[in-house]
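Listed below, chain by chain, are the residues.
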Amino acid sequence: MAAIQLRAIEKWFDDVQAIKGINFDINEGEFIVLVGPSGCGKSTLLRVLAGLEEATFGEVIIDGENVTDRLPSERGLSMVFQSYALYPHMTVAENIGFSLKNSGVAREEISTRVEKIAKTLRLEKLIERFPKQLSGGQRQRVAIGRAIIRQPKGFLFDEPLSNLDAALRVNMRLEISQLHKRLGITTVYVTHDQIEAMTLADRIVVLDNGKIMQAGSPRTLYNRPQNKFVAEFIGSPQMNLMPCEVKNGELTLLCPKRQQVELEVQASEISWLGIRPEHITLCKPEKTNLSGEIIVAEYLGSDQFVYIDCGFENMLTVRVDPSKDWKTNSKVGLNFDSEALHLFNSNGNRVE
Ligand SMILES: Nc1ncnc2c1ncn2[C@@H]1O[C@H](COP(=O)(O)OP(=O)(O)OP(=O)(O)O)[C@@H](O)[C@H]1O
Ligand SMILES: [Mg+2]
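This section reports on the structure supplied with the text. Because the structure is a prediction, the values reported are computed rather than measured.

Let's shift gears to the overall build of the chain. Along its length, the chain carries eight helices and 20 strands. Counting only residues that meet the buried cut, the chain has 48% of its 352 residues in that class. Once local pairs closer than 6 in sequence are excluded, the contacts in the chain between residues at least 24 apart make up 66%. On the chain, roughly 18,000 Å² of surface is accessible, and the fraction owed to carbon and sulfur atoms is 47%.

The subject of this paragraph is the site of ligand 1. Taken together, F13, A18, P37, S38, G39, C40, G41, K42, S43, T44, E159 and H192 form the complete shell of residues around ligand 1. With respect to ligand 1, the side chain of S43 contributes an N or O atom lying 2.8 Å from an oxygen atom. Within the side chain of T44, one N or O atom sits 2.5 Å away from an oxygen atom of ligand 1. Calculation on ligand 1 without its partners gives an accessible area of 640 Å², and the protein chains cover 59% of this total. Here the shell around ligand 1 gets three residues from one element, more than from any other, and that element is helix α1 (residues 42-50). By residue class, the composition of the shell around ligand 1 is four nonpolar, six polar and two charged.

Between helix α2 (residues 92-102) and helix α3 (residues 107-120), the shortest axis-to-axis distance is 9 Å and the interhelical angle comes to 135°. One finds that α2 runs oblique with respect to α3. Here α2 and α3 pass one another in a crossing that is right-handed. Between α2, through A93, I96, G97, L100 and K101, and α3, the contact on the second element is made entirely by I110, R113, V114 and I117. When grouped by side-chain class, the residues that make up the contact of α2 with α3 number six nonpolar, one polar and two charged.

This part is about the sheet that holds strand β7 (residues 154-158). As summarised here, the arrangement of the six strands in space is β6-β7-β8-β3-β9-β10, forming an open sheet in which the pairing is mixed. With partners counted over all chains shown, the strands left at the sheet margins are β6 (77-80) and β10 (211-216), one partner each. Here the strands of the sheet are splayed against their neighbours by 15° on average, with no regard to which way each runs. Across the face of the sheet, α1 comes into contact with β3 (31-35), β6, β7, β8 (186-190) and β9 (203-208) while running at roughly 150° to β7. Each of β6 and β7 is contacted by helix α4 (residues 136-148), which is oriented at about 165° to β6, the strand it contacts most.

This brings us to α4. Over its 13 residues, α4 runs 18 Å from end to end, which matches the ideal 18 Å to within 8%, given 1.5 Å per residue. In terms of residue burial, α4 counts as a mostly covered element, since ten of its 13 residues are buried. Listed in full, the buried residues belonging to α4 are G137, Q138, Q140, R141, V142, A143, I144, G145, A147 and I148. Taken together, the buried residues of α4 touch β6, α2, α3, β7 and α5 (166-183).

In sheet architecture, strand pairing relies on hydrogen bonds along the backbone and comes in two forms, parallel and antiparallel. Ordered in space as β2-β1-β4-β5, the four strands form an open sheet in which the pairing is antiparallel. Each having just a single partner strand, β2 (16-26) and β5 (65-66) make up the two edges of the open sheet. In this structure, strand β1 (residues 4-13) lies alongside strand β4 (residues 57-62), joined through five bridges in antiparallel fashion. The residue of β4 that forms the bridge with L6 is V60. Sitting on the sheet, α1 is in contact with β1, β2 and β4, with an inclination near 120° to β1.

Reading guide: rules and limits
- Residues numbered from 1 in each chain as written.
- Chains lettered and ligands numbered in written order.
- Predicted model: local features only at pLDDT ≥ 70, side-chain atom pairs only at ≥ 80, totals over all residues.
- Heavy atoms only, no water.
- Helix = DSSP H or I, 4+ residues; strand = E, 2+ residues; numbered from the N terminus.
- Buried < 20%, exposed > 50% of the residue type's maximum accessible area, 1.4 Å probe, protein only.
- Contact = heavy atoms within 4.5 Å.
- Areas by Shrake-Rupley, 256 points an atom, 1.4 Å probe, with all protein chains shown as cover.
- Near = heavy atom within 4 Å.
- Polar contact = N/O pair within 3.5 Å; in protein donor to acceptor, adjacent residues only side chain to side chain.
- Nonpolar A, V, L, I, M, F, W, Y, C, P; charged D, E, K, R; others polar.
- Axes fitted to C-alpha atoms, helices over the stretch in contact; angles between N-to-C directions.
- Parallel < 35°, antiparallel > 145°, perpendicular 65-115°, else oblique.
- Left-handed = near helix turned anticlockwise from the far one by under 90°.
- Pairing = 2+ DSSP bridges.
- Expected span 1.5 Å × (residues − 1).

Structure, rendered in structure tokens:
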């Protein structure tokens with residue numbers, strides 16, 4: 001297991017700067033999830049870590065050793081990509097054992113290790129099959145097996161589950177989680193999936209435009225986002241954000257009706273009020289001073305969300321009782337849980 005340190009990493013592709021100075025320490029055995037919008041530099045950072053791309057500036061340190069100039073094979077890390085090409089003419093066992101065979105490990109030892117890994121990944125009944133005789137999830141497990149057999153100090157995953165259907169993704173997510181608990185291997189995992197990020201990570205790192213916007217536990221990022229970007233990025237449906245101003249301790253929402261929210265605020269430099277969908281309750285419109293019209297109601301079985309036009313640029317999303325039928329076009333009042341507000345200044349930074 002490896003402790004990994006990234007020191008002032010920058011990556012330039014000609015005049016495009018994909019990574020803009022990243023400093024980050026990963027603890028031994030930690031599960032780190034990298035998230036961020038498309039093109040923000042997640043894969044590039046992973047490839048720099050693996051040694052598949054050279055950092056333009058900065059250093060990669062693994063277990064105290066500077067490996068910046070070392071080849072991928074000398075770093076002790078295994079990588080699993082989104083498109084995991086297995087060798088089609090080799091069986092599951094041969095695919096898993098291939099890297100050992102290549103490095104001259106004795107036949108018996110290979111077969112012992114392959115067996116052990118096949119068991120870990122619940123592939124033992126499939127080891128004589130060829131890739132084309134496997135389901136997507138089984139193939140994915142073979143790809144993971146191929147990565148584990150080298151007994152890496154660290155695992156790097158780049159969206160490994162994005163090709164799978166929803167049910168398989170859930171299964172594989174649980175397997176990866178259990179595998180990590182069992183083997184305790186330091187892992188860096190890139191995903192676009194909120195649930196994967198929230199459930200797998202010890203810490204989530206949110207990247208935007210080649211920079212770290214915030215790193216912390218899933219709870220920290222959800223409950224105390226440090227800026228508007230993280231507030232909107234973490235959580236599905238998204239946090240509601242409304243433009244506002246504060247004068248003499250009174251906060252006014254900036255929409256056509258200029259509605260006031262009774263709030264005791266110390267700071268005056270507040271430009272945005274954020275609140276998550278589960279922290280708003282609906283009531284009769286005359287019972288509160290913020291009201292709107294239900295435009296869409298989305299029933300999801302265990303949950304229900306309504307989208308309300310209150311005159312802001314974006315509709316507000318509210319999580320409501322799924323057993324109740326919410327009529328579109330009806331007028332409703334909104335109450336905010338005053339304990340659950342997030343306040344941001346004009347630069348988008350959290351105020352408190
Ligand atoms: N080989 C390359 N040459 C030039 N530019 C590149 C190269 N690889 C990546 N980039 C650029 O670097 C930036 C980061 O790309 P990267 O692949 O790391 O994004 P990403 O966060 O993984 O995105 P996605 O979520 O779409 O996979 C992008 O602007 C991309 O166009
Ligand atoms: Mg990518």
